[in-house]
Each structure stands twice: as C-alpha cells, then as structure tokens.
Amino acid sequence: MRETLVLNASFEPLSTVSLRRAVVLVMQDKAVVEQAHPGLRIRAAAVEVPVPQVIRLCRYVRVPFRQRAPWSRRGVLVRDRHRCAYCGRRATTVDHVQPKSRGGGDTWLNTVAACGEDNQRKADRTPEQAGMRLLTRPFEPTPADALLLALGVRDRAALPEWLSAPASA
C-alpha cells in the first residue's frame, strides 16, 4: 500500500498515512494535494482525484515537539532498507547487537535489520563473539529523516525544493 506524506498547514512534515486515508482527507476538504504521482488517478462515478504523494492539511494542527523518532521494529527495517547488516541480503527480522539477555535494549543504536539465517547464527551473542562483522553501523534517525525513510526517499535532492529545505528555527 502506498504511503502518503502529511504536512501541517505550515508545510511541516507530520506523519505518513495510507493512500486510502489521504484520499478521504482530500475528499472531506481537510487536506489538499501538494504533490501527486505522475499519471496516476483514482476514479469514482462522479469524481477523479490524483493519487496523492504529499498532502497538506488545510488547518494547522498543534503537535508537541518531538526531538527523537520513536523506535519500532518496522522503523529499523525501513532505516536499514530491509537489508541485512551482516550479509546484505533481504532482511526480515531485527537483531539486537547487544542481546537483550545481556542488557541490550530496543534502541536505534542497538538494533539492526537482519536476515533470519544470520539472526539465528548470531543467536545470544555479540557480533564479535559470533565472529560476525556489521556492514553498516546502526544510527538514530531524526523524526524528519524517519518520515522520509518511511516514504522511501533516499535523497533529499529528489524532493521538491519547498519540501527539501530545512525548517527554520
């Protein structure tokens, strides 16, 4: 299912929603389409709407400031682009670099995407103990980067100029 970026009325990224939810917001005049997928349209009996890639809310929504992106298994897989941190193949699981049984937690810096085979091979050990090397180091994405990763945007240059500009303080 396609993900659609939701912007506040002030053009700040808020979240991503399903295509269905984005269309409902546009049809209820609660949002406008800022950027659509080229050549794709949704048709119904009496209406035709471009398939939204980015929508902007018509009314400003006050959101508490978030300094950190919330950790999630899905977020780790998206951050690592579904690639195993040990072998580079398709990842389907999340591995704790420092095992949970040894004090490691569910944090951005302690988890990496892994294929099932490497996750089992590493088991309840650190990569060093298992004789495995991390191809990429885990990092903590900013909330804005987490949204872009969720949308599959790899390069900020691919975004429209009005969206790629950093927010002013």
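Residues numbered from 1 in each chain as written. Predicted model: local features only at pLDDT ≥ 70, side-chain atom pairs only at ≥ 80, totals over all residues. Heavy atoms only, no water.

Undergrad: Please explain the overall build of the protein chain as it appears in this structure.
TA: For the protein chain, the count of helices and strands is 6 helices and 6 strands. Of the regular secondary structure in the protein chain, the N- to C-terminal order runs β-β-α-β-β-α-β-β-α-α-α-α. Restricting to contacts in the protein chain with at least 6 residues of sequence separation, those with at least 24 account for 58%. Split by element, the accessible area of the protein chain, about 10700 Å² in all, is 51% carbon and sulfur. (Helix = DSSP H or I, 4+ residues; strand = E, 2+ residues; numbered from the N terminus. Contact = heavy atoms within 4.5 Å. Areas by Shrake-Rupley, 256 points an atom, 1.4 Å probe, with all protein chains shown as cover.)

Undergrad: Got a minute to help me understand the environment of isoleucine 55 in this structure?
TA: Within the element layout of this structure, isoleucine 55 appears in strand S4 (residues 48-57). For isoleucine 55, a relative accessible area of 0% puts it in the buried group. With 48 residues separating them in the primary sequence, isoleucine 55 and leucine 7 have C-alpha atoms 6.1 Å apart. When near neighbours in sequence (up to four residues on either side) are disregarded, isoleucine 55 contacts Thr4, Leu5, Val6, Leu7, Ala22, Leu25, Val26, Ala31, Val32, Val33 and Glu34. (Buried < 20%, exposed > 50% of the residue type's maximum accessible area, 1.4 Å probe, protein only.)

Undergrad: Before we go on, may I ask you to explain the side chain of asparagine 110 in this structure?
TA: Inspection of the secondary structure puts asparagine 110 in the loop between strand S5 (93-96) and strand S6 (111-114). For asparagine 110, the side chain forms a polar contact with the main-chain nitrogen of glutamine 98, separated by 2.7 Å. Filtering out sequence-adjacent residues up to four positions away, asparagine 110 remains in contact with Asp95, His96, Val97, Gln98, Gly104 and Gly105. (Polar contact = N/O pair within 3.5 Å; in protein donor to acceptor, adjacent residues only side chain to side chain.)

Undergrad: What's the story with the pattern of salt bridges in this structure? I'm lost.
TA: Pairs can form between side chains of opposite charge whenever their charged atoms are close. Per the counting criterion, the structure on display carries 9 salt bridges. Sharing partners across several salt bridges, the network here consists of Arg41, Arg43 and Glu48. (Salt bridge = Lys/Arg side-chain N within 4 Å of Asp/Glu carboxyl O.)

Undergrad: Where do I start with the sheet that holds S4 in this structure?
TA: What links the strands of a sheet is backbone hydrogen bonding, and the strands pair in either a parallel or an antiparallel sense. The strand order across the open sheet formed by 4 strands is S2-S1-S4-S3, and the pairing between neighbours is mixed. Both outer strands of the open sheet, strand S2 (13-18) and strand S3 (31-43), are each paired with one neighbouring strand and no more. Neighbour-to-neighbour, the strand axes of this sheet turn through a mean angle of 35 degrees, independent of strand direction. Strand contacts of helix H1 (residues 19-27): strand S1 (3-7), S2, S3 and S4, with the helix running at about 90 degrees to S4, the strand carrying the most contacts. (Pairing = 2+ DSSP bridges. Axes fitted to C-alpha atoms, helices over the stretch in contact; angles between N-to-C directions.)

Undergrad: What's the story with the pairing of S6 in this structure? I'm lost.
TA: Regular strands place their side chains on alternate faces of the sheet. Both faces of S6 are covered, namely the face carrying Thr111 and Ala113 and the face carrying Val112 and Ala114. Pairing analysis gives 4 bridges linking S5 to S6, with the strands arranged antiparallel. Looking at S6, one finds that threonine 93 is bridged to alanine 114.

Undergrad: Explain the nonpolar core to me, please; I cannot follow it from the model alone.
TA: Most often, soluble globular proteins keep nonpolar side chains buried together rather than apart. Residues Leu77, Cys84, Tyr86, Ala91, Val112 and Leu134 are the most contacted members of the largest nonpolar core, which totals 17 residues. At the level of elements, helix H2 (73-79) and S6 are the ones that each hand at least two residues to this core. Examining the composition of this core, we find that 3 residues originate from one element, S6, more than from any other. Beyond its immediate stretch of four places on either side in the chain, cysteine 84 contacts Arg89, Ala91, Ala113, Ala114, Cys115, Asp118 and Leu135. Membership of the second largest hydrophobic core comes to 9 residues, among which are Val17, Leu25, Ala31 and Val49. (Core = buried A, V, L, I, M, F, W, Y, C linked by side-chain atoms within 4.5 Å.)

Undergrad: Looking at this structure, I do not really get the environment of alanine 36. What am I missing?
TA: Along the chain, the position of alanine 36 falls in strand S3. If we ignore the near neighbours within four places in the chain, the residues touching alanine 36 are Pro50, Val51, Pro52 and Gln53.

Undergrad: Just checking my understanding: could you explain unusual backbone geometry for this structure?
TA: For phenylalanine 11, which is not a glycine, the phi torsion comes out positive at approximately 70 degrees. Relative to the elements of secondary structure, phenylalanine 11 occurs in the loop between S1 and S2. Located in the positive-phi region is alanine 123, a residue other than glycine, with phi close to 55 degrees. When you line up the elements, alanine 123 lands in the loop between helix H3 (116-122) and helix H4 (127-130).

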